[in-house]
Amino acid sequence: MINRRTFSKAVGLGTGAAAVSLSGLQANASAATGATASPQPSGTPTPTVPTITPGTHTSFRTLKQVKAGVLDIGYAEAGPSHGPVVICLHGWPYDIHSYVDVAPLLADLGYRVIVPYLRGHGSTRFLSRHTPRNAEQSAIALDIIALMDALKIEKAVLAGFDWGSRTADIIAALWPERVKSLVSTTGYVITNVKAQLAPAAPAVEHNWWYQWYFATDRGKQAMENEDQRIALCRYVWTLVSPSWNFDEATFQRTAQAFKNPDYAAIVLYNYRWRIGLIKGEHRYDRYEEQLAAQPSIHVPTITLDPALDPFTPPGDGANYRNHFTGPYEHRTIANIGHNLPQEAPTTFAQAVVDSDHL
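Residues numbered from 1 in each chain as written. Predicted model: local features only at pLDDT ≥ 70, side-chain atom pairs only at ≥ 80, totals over all residues. Heavy atoms only, no water.

Outline the layout of surface pockets, listing residues and values.
Counted as a void, the largest pocket has a volume near 340 Å³. In terms of lining, the largest pocket is formed by 14 residues, of which the most central are V193, K194, W273, E288 and A292. For the lining of the largest pocket, the secondary structure elements donating two or more residues are α6 (193-196) and α13 (285-292). Here the lining of the largest pocket gets four residues from one element, more than from any other, and that element is α13. Taken together, the residues of the lining of the largest pocket break down into four nonpolar, four polar and six charged. (1 Å grid on protein atoms, 1.4 Å probe; cavity = no way out; pocket = protein on both sides within 12 Å on 5 of 7 lines; lining within 4 Å. Points joined across faces, edges and corners; volume = space filled by probe spheres on them. Helix = DSSP H or I, 4+ residues; strand = E, 2+ residues; numbered from the N terminus. Nonpolar A, V, L, I, M, F, W, Y, C, P; charged D, E, K, R; others polar.)

Give me the lowdown on the packing of aromatic side chains, citing residues and values where you can.
One pass over the structure, following the stated rule, counts 28 aromatic pairs. Within the aromatic cluster, the residues linked to one another by ring pairs are W92, W163, W208, W209, Y210, Y213, F214, Y235, Y271 and F311. Across from the ring centre of F251, 5.8 Å away, lies the NZ or CZ of R234, which sits over that ring. (Phe/Tyr/Trp six-rings, centres within 6.5 Å; stacked < 30°, edge-to-face > 60°. Lys NZ or Arg CZ within 6 Å of the ring centre and 35° of its normal.)

For helix α10 (residues 226-240), give the residues involved together with the corresponding values.
Over its 15 residues, α10 extends 21 Å from the first C-alpha to the last, a length consistent with the 21 Å expected when each residue adds 1.5 Å. If you check which residues of α10 are buried, you get R229, I230, L232, C233, V236, W237 and V240. Projected down its long axis, α10 carries its buried residues within an arc of 160°, all on one side. On its buried face, α10 sits against α8 (209-214), α9 (217-224), α11 (248-255) and α12 (263-274). The opening residue of α10, the one whose side-chain oxygen lies 3.1 Å from the backbone nitrogen of D227, is N225. (Expected span 1.5 Å × (residues − 1). Buried < 20%, exposed > 50% of the residue type's maximum accessible area, 1.4 Å probe, protein only. Arc of directions from axis to C-beta. Contact = heavy atoms within 4.5 Å. Polar contact = N/O pair within 3.5 Å; in protein donor to acceptor, adjacent residues only side chain to side chain.)

Describe the side chain of T303, naming the residues involved and giving the relevant values.
Relative to the helices and strands, T303 is located in strand β9 (residues 301-306). On the basis of relative accessibility, which here comes to 0%, the residue T303 falls in the buried class. Of note is the side chain of T303, whose polar atom sits 2.6 Å from the side chain of Y328. Reaching out from T303, the side chain makes a polar contact with the side chain of H330 at a distance of 2.9 Å. Not counting the four nearest positions on each side in its chain, T303 is found in contact with S184, G187, Y320, F324, Y328, E329, H330 and R331.

In C-alpha cells form, the structure reads like this:
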C-alpha cells in the first residue's frame, strides 16, 4: 500500500487517519476542489463520463498475454485499438478487477484501455525461473515500460492506486516522455527507503500492522499458505474500505490473482524492501538513487484522496502538492475507501478523462 513515511509527515502524534478522513463527508462520492490547472483550450470540451452503479460489470471481454522484459504479462484490454491509450494499474491486495467498471466507461469514450496484472499477480509470469523475484519499486515501473514497448505504445495516460499510484508516479518522474497525463490516488507515493527507517507516528504505525507482520516468520508462513493469505487479503479489504459492501463473488474474482506461484515472494519482498530489511538488486540502484531524491513530476496530474481510506493524509493534498509542478488538480472523494476505482468507477474514470484535458 502507500508510503507510510509520506503519510506520517502529515499526521501528528495521536491523530488517527480515520479521524482526519471523516471530515466534510457528503451523501455521495464527490470531488472537493483543490489547486486547479489552466482552463481548457477553446473548442475542446471535456467529455462527461456516464454514471454507473459500481459492480455493473464483473469481467473483461478481452484478456491477453505479451512477453515484455522479464515477464509474460497478462492484461485486460478494452476499446478501439487505435484510440488514445490509458494504462490502469492496480495495487495490493487487488488485481485488474479494480478497473472492471472503469475500463468500459473509458472504452466507450474511445480510449484504448490496458489493465495489466503486476508481477506476481494473476496470469503474469516470469519468463525464467532464474530471475530474482524482486519487487522493489523501480523494478515494477520498468515492467510497465517494457509492456508499453512490447505493445508499441509510445505515450499513455497512467492511472493508479496503491502500488499502481507508486508505479505511475515513478514513470512520470523518470520517464515523463512516456506519460501524457497522470491520475495518482493518494498523491505522491514514491518510496524513500532511508526515510522509512525512522519511526513514524503511532497512528501511522498502527495502520501498517501487516507490514510488520510480513517482516516476521509468522507473516511469511501466512503469505506462503494460499488459504491463509487469501483470508488475510480479505480482512485488509474490510479495514481499508469500511463503506464498501462487496460480496463474496467480487472478492473471489480478485482472489484468483493471489494464487500466482510468485505472489507470496513478490509481496514479501516489496514490504520488506521498503523498510530496509532486504537490499535491492544492483541493476536497479541508479533508479532508486534518483527516486530517493523525491523527483518532481511535471506531467499534467490529478491527485485523488479517498476520504475513508485510512492511508489518506490530512490537509487535502497539501503535504505532497509541491511534488507536482505541471498542470494540476486535487480532489478529495467523499465516502470512498482505498479501492477507489472499484468503489467509485465513474469518479475515477472522470478523473482520467479530465487529466487528459488539462
